[in-house]
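Coordinates in review
Each chain, written out:
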Amino acid sequence: MTLPVLTSVASLRVHLAAVRSRGAKLAVVPTMGALHAGHQALVRRARELGSEVAVTIFVNPTQFGAGEDFEKYPRQLEADQLRAEEAGASFLFVPEAREMYPAGDQTRVSVGSLAEGLCGASRPGHFTGVATVVTKFFALFAPATFVFGQKDYQQLKVLERVARDLLLPVDIVSHPIVRQADGLALSSRNVYLTPTERQAALGIPRALAAAQRAYAAGERDRERLIGSALAVLRSENLEVEYVELRSAASLEPLDEAALREQPAGERWVLLIAARSGTTRLIDNSIMGHDLEVGGR
Ligand code: AMP
């Protein structure tokens, strides 16, 4: 049996009323489709958190800038239905843009400084698009638990902030990055990579691992930690957009004294955005002296 696919807000509301009347606890995994094992891991986690799991598939036009890949973003609903079902989803919500943005719409959710640096710097308006569409999902599905991946670390922090600032009755749970055996973080955009570009892209997880090794060996200088990652990225001729070390909890710029003093439980996140060929890839890794070394 293939999963129910709801395409309109009206049909979703009817379906959700039935879900609630069964007393079900809802967990939701928002995606842009082209589902892979990373998305499936989120759905499995959602299955542990809720008795019914909704997967949304929506390539959200407002989060793509001019010249980005909105038109060519992979769309493959049939394969997605199978993958979502295999991972334990109960139904899919696959709206058309006009459902999510009613004619004449003019409301946006804009987050402050958290959305400005890192990916927000090179993709102006991106997080406003993300925050706007996910706020609509929050409003449609609440109360519910939402599962997001740590792969899009800044997005996760932005969405946590939206839910908190707008007092929305949703819980947010994050899931660690799912990688291929050779370390490359799974991404729907990996299909754009030629074999040579994919090989070079492995420089990204290797750069994270190099910084993790330096950290594990006692390096506490911000520039040198970042430099150890940059050296690997440059050796693969990747076009680096940013390599940054931030507080993992707040994404605030690093407190270098805290980095040196290593208080227990304090976490930092090393974030990378780089292009292999024309494909923009992001990845990150959490650091803390009482954590096992991540990456590879
Ligand atoms: P996307 O379809 O790329 O917008 O991603 C939908 C959700 O899946 C987001 O919460 C992403 O962070 C998450 N996600 C994508 N790739 C991965 C991955 N490799 N590991 C964990 N979560 C992921």
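Please refer to the structure higher up on the page.
A brief structural summary. (Residues numbered from 1 in each chain as written. Predicted model: local features only at pLDDT ≥ 70, side-chain atom pairs only at ≥ 80, totals over all residues. Heavy atoms only, no water.)

1. Focus: the site of the ligand
Near the ligand lie 16 residues; those nearest to it are His39, Gly149, Asp152, Val178 and Leu186. Between an oxygen atom of the ligand and a main-chain N or O atom of methionine 32, the distance comes to 2.9 Å. Here the ligand, which alone exposes 480 Å², has 93% of that area covered by the protein. Put simply, the parts of the chain that give the shell around the ligand at least two residues each are strand E2 (26-31), helix H2 (37-49) and strand E5 (144-149). Across the shell around the ligand, the residue classes break down as nine nonpolar, five polar and two charged. (Near = heavy atom within 4 Å. Polar contact = N/O pair within 3.5 Å; in protein donor to acceptor, adjacent residues only side chain to side chain. Areas by Shrake-Rupley, 256 points an atom, 1.4 Å probe, with all protein chains shown as cover. Helix = DSSP H or I, 4+ residues; strand = E, 2+ residues; numbered from the N terminus. Nonpolar A, V, L, I, M, F, W, Y, C, P; charged D, E, K, R; others polar.)

2. Observations regarding the pattern of salt bridges
By the definition in use, this model includes 14 salt bridges. Notably, a salt bridge pairs aspartate 182 with arginine 198, separated by 2.8 Å at the nearest N-O pair. Of this pair, aspartate 182 sits in the loop between strand E6 (170-175) and helix H8 (195-201) while arginine 198 sits in helix H8, and the two are 16 residues apart along the sequence. Of the residues examined, aspartate 182 reaches a relative accessible area of 35% and is grouped as partly exposed. A residue is classified by how much of its surface remains accessible, and arginine 198, at 23% relative accessible area, is partly exposed. Put simply, glutamate 223 and arginine 222 hold a salt bridge, and the shortest N to O gap is 2.6 Å. (Salt bridge = Lys/Arg side-chain N within 4 Å of Asp/Glu carboxyl O. Buried < 20%, exposed > 50% of the residue type's maximum accessible area, 1.4 Å probe, protein only.)

3. Examining the packing of helix H9 (residues 203-216) against helix H10 (residues 222-235)
With their axes 8 Å apart at the nearest point, H9 and H10 run at an angle of 150° to one another. Judged on the interaxial angle alone, H10 and H9 are roughly antiparallel. The handedness of the crossing between H9 and H10 comes out as right-handed. Taking contact as the criterion, the partners of Gly203, Ile204, Arg206, Ala207, Ala210, Ala211, Ala214 and Tyr215 in H9 are, on H10, Leu225, Ser228, Ala229, Val232, Leu233 and Ser235. For the contact of H9 with H10, the per-class residue count stands at 10 nonpolar, three polar and one charged. (Axes fitted to C-alpha atoms, helices over the stretch in contact; angles between N-to-C directions. Parallel < 35°, antiparallel > 145°, perpendicular 65-115°, else oblique. Left-handed = near helix turned anticlockwise from the far one by under 90°. Contact = heavy atoms within 4.5 Å.)

Keep in mind these values describe shape, not function.
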